[in-house]
Amino acid sequence: SVGVSSMDNEHEECEEALALLLRHPDVEALTKVMELLTEHFQHEESLMKASGFGSPGEKFSPYANHVKDHERILDIGFVELAKHQQPNSSIPEMTCSEASA
């Protein structure tokens, strides 16, 4: 919990979508994850910026690093999604090292 109910709710939704993706690795589940993460990251970044968290606007800041983490996560997901354009195609399991590369 981060103590902000909207963020806590979004975190829970993202966790549920990721759990579904692990159980059913298909394009539909990955698409749902990517939609939720994209919306959540945008919302989180706007709240962080509005509150001044992590010195937004400075090149080396916790905020900037957090945004870069979001970008890396989204890049991984969208690259994987692009590999599987046909609906309901199965996504091969990835190891943790592949997911974090």
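These numbers were taken from a predicted model, which means no experiment stands behind them. (Residues numbered from 1 in each chain as written. Predicted model: local features only at pLDDT ≥ 70, side-chain atom pairs only at ≥ 80, totals over all residues. Heavy atoms only, no water.)

Trainee: Lay out the nonpolar core in plain terms, naming residues and giving numbers.
Mentor: Grouped together as the largest cluster of nonpolar side chains are 13 residues, with contacts concentrated most on L21, L30, V33, M34, L37, L74 and L81. Put simply, the parts of the chain that give this core at least two residues each are helix 1 (5-23), helix 2 (27-51) and helix 3 (62-83). With 8 residues, helix 2 is the single largest residue contributor to this core. Apart from residues no more than four positions distant in its own chain, V33 is found in contact with A17, L18 and L21. (Core = buried A, V, L, I, M, F, W, Y, C linked by side-chain atoms within 4.5 Å. Buried < 20%, exposed > 50% of the residue type's maximum accessible area, 1.4 Å probe, protein only. Helix = DSSP H or I, 4+ residues; strand = E, 2+ residues; numbered from the N terminus. Contact = heavy atoms within 4.5 Å.)

Trainee: Help me get a handle on helix 3, residues and values and all.
Mentor: Helix length check: helix 3 (22 residues) gives 32 Å between terminal C-alpha atoms against 32 Å at 1.5 Å per residue, within 8%. The complete set of buried residues in helix 3 reads Y63, A64, V67, H70, L74, G77, E80 and L81. On its buried face, helix 3 sits against helix 2. (Expected span 1.5 Å × (residues − 1).)

Trainee: I'd like a rundown of the pattern of salt bridges, residues and numbers included.
Mentor: All chains considered together, the criterion is met by 2 salt bridges. Here D69 and R72 are joined by a salt bridge, their closest N and O atoms 2.3 Å apart. With D69 and R72 both in helix 3, this residue pair falls 3 residues apart, about one helical turn. Taking the relative accessible area as the measure of exposure, D69 reaches 35% and is therefore partly exposed. Its salt-bridge partner being K83, residue E80 comes within 3.4 Å of it at the nearest N-O pair. With a gap of 3 residues between them, E80 and K83 both fall in helix 3, about one helical turn apart. The class for K83 is exposed, based on a relative accessible area of 56%. (Salt bridge = Lys/Arg side-chain N within 4 Å of Asp/Glu carboxyl O.)

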